[in-house]
Amino acid sequence: MLKSVPLVDRLSDHTLLKLQAYINGEFIGVADTPVKNPANGDVIAAVPHLGATEATRAVEAASAAFSGWANKTCKERSAVLRRWYDLVVAAREDLAIILTSEQGKPLSEARGEIDYAAAYIEFYAEEAKRVLGELLPSHRANARILVQRRPVGVVAAITPWNFPAAMITRKIAPALAAGCTVVVKPAPETPLTALALAELADRAGFPAGAINVVTGDAKAIGLVLTTHPAVRLVGFTGSTQVGKLLMSQAATTVKKVALELGGNAPFIVFDDADIDAAVEGAMASKFRNTGQTCVCTNRVYVQDSVHDLFVQKFACKIAMLRVGDGLDANTEQGPLINERALAKVRAHVDDALSKGAALVVGGDGHALGGTFFQPTLLQGATAEMLLSKEETFGPIAAVFRFKSEDEVIVAANNSAAGLAAYFYSQNASRMFRVLEQLDFGMVGINTGVISTELAPFGGVKESGNSREGSHHGILEFTELRYACVELQG
Ligand code: ADP
């Protein structure tokens, strides 16, 4: 019997796991919508298909809970968050199994994601105590300018399937720490991790209505969350297309929108790079989560004189990746999330080959069938190919050859996206020169792994308009209130 989250034992006994949504401190709804394991297509659970009515109830519950939660002392809010963190850490293994079962990533990566997700709760439990106000120099001798940071109010969080735990805690931990209450709409592919986190939050002692999780009809729930006057901020991680839609819907009631949208990360290997380190970085940045992360390398640019060496070493590593069910301890790459993802990956490979790219490794569906795809390396990629223009979101590494620093900076910036970029060089002057010209919110220099709760995560251009993580992340969920205080007598 599972000690921490009463889901895993039932996941493994092959009876249909029926979960409920979480509104106003109660688990509600009829579990009627299947959740599938992408590794084998098995239906592993069912969750309620809720809509506008329940979304409205959740917003009203969050609204009713707001002043009570916002008016707690920062230490009180911190203590509840800390209890939630402790429970998540204690349930790490169970949460990781749930996550892999619905999302497909290898268990080792799922454990890493739970640690990463928990780290946001821990960090913002601490940061709750450091939302500082100001007393500013005044314009009149007997006046004082007092500035407070107030929680914005009810926050809606609409989250994707690629990081079912971390994309939730990265939004709602800072929101809750700031004094906001939240309504979460998880991705339909991965509601189980969200509901497990809600169960742990319930046990941690959040007041009823402070956290709500509504599963179901994305459009209907999304419309309520973006138009209900009580919602004051919509936080979204997902596709650029849906982000733009939510932004326009939120405009009708002038809500804040905090968007973290798609990327199209360049990964540049200069001729002065440590090639082995660059290969390691490219493996981590390209193939983690089967290439389904928004900071995934999408375009690998390698300078002429080191091109062949890099491709050869990269190819050896890619060919060795072990593909399989994420629950198998040996697996290094799981399946793609669904058929749509598989079709996109195939389309990108076919398009690249038809436009002159050459296959070095992989290139086809994996022998395991389903949505498994071979880890793939292409060389001879060009700007005309789909995989240059769009995020592939799959295990396809496409190598472009370049000659000069100036040329590669223009190529790297030639995208509407501006989330993450990576480059490898051991020349300190080049590091600064290139860093300062890259039009991206985050840059990995001699590393392919940049995500941490301690740093501000986010993009520029069409990749988004907010930052999550670090002390900056909590400020997104606050508004300034200025009081002019006139001294009398
Ligand atoms: P993907 O294509 O990778 O699934 P999406 O942007 O479609 O990315 O999904 C991210 C999140 O946005 C998911 O929770 C999804 O259910 C939600 N979503 C999709 N369409 C809408 C919509 N019209 N309104 C609100 N949420 C939506």
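Residues numbered from 1 in each chain as written. Predicted model: local features only at pLDDT ≥ 70, side-chain atom pairs only at ≥ 80, totals over all residues. Heavy atoms only, no water.

*Asks:* Account for the layout of surface pockets, with residues named and values stated.
*Replies:* For the largest pocket, the calculated volume is near 1300 Å³. Every element with two or more residues in the lining of the largest pocket is listed here: α8 (218-227), β11 (231-237), α9 (240-251) and α12 (339-354). A total of 6 residues in the lining of the largest pocket trace back to one element, the largest contributor, which is α9. Here the lining of the largest pocket is built from residues that sort into 18 nonpolar, 16 polar and 10 charged. (1 Å grid on protein atoms, 1.4 Å probe; cavity = no way out; pocket = protein on both sides within 12 Å on 5 of 7 lines; lining within 4 Å. Points joined across faces, edges and corners; volume = space filled by probe spheres on them. Helix = DSSP H or I, 4+ residues; strand = E, 2+ residues; numbered from the N terminus. Nonpolar A, V, L, I, M, F, W, Y, C, P; charged D, E, K, R; others polar.)

*Asks:* Describe the packing of helix α4 (residues 92-103) against helix α5 (residues 107-127), and please don't skip the residues or the numbers.
*Replies:* Closest axis-to-axis distance for the α4/α5 pair is 8 Å, and the angle between their directions is 120 degrees. Of the possible angle classes, the one that applies to α4 and α5 is oblique. Crossing of α4 against α5: the hand is right-handed. Taken together, the residues of α5 that come into contact with α4 (itself represented by R92, E93, L95, A96, I97, L99 and T100) are L107, A110, R111, E113, I114 and D115. Taken together, the residues of the contact of α4 with α5 break down into 7 nonpolar, 1 polar and 5 charged. (Axes fitted to C-alpha atoms, helices over the stretch in contact; angles between N-to-C directions. Parallel < 35°, antiparallel > 145°, perpendicular 65-115°, else oblique. Left-handed = near helix turned anticlockwise from the far one by under 90°. Contact = heavy atoms within 4.5 Å.)

*Asks:* An account of the packing of aromatic side chains is requested, with residue identities and associated values reported.
*Replies:* As enumerated under the stated definition, the model contains 13 aromatic pairs in all. Both rings, one in Y22 and one in F27, keep their centres 4.7 Å apart while their planes meet at 35 degrees; by these two values the pair is tilted. Judged by relative accessible area, which is 32%, F27 ranks as partly exposed. Measuring from centroid to centroid gives 5.9 Å for F267 and Y422, while their planes differ by 35 degrees, and the two rings are tilted. One end of the pair, F267, is in strand β13 (residues 265-269); the other, Y422, is in strand β19 (residues 420-424), and 155 residues separate them in sequence. (Phe/Tyr/Trp six-rings, centres within 6.5 Å; stacked < 30°, edge-to-face > 60°. Buried < 20%, exposed > 50% of the residue type's maximum accessible area, 1.4 Å probe, protein only.)

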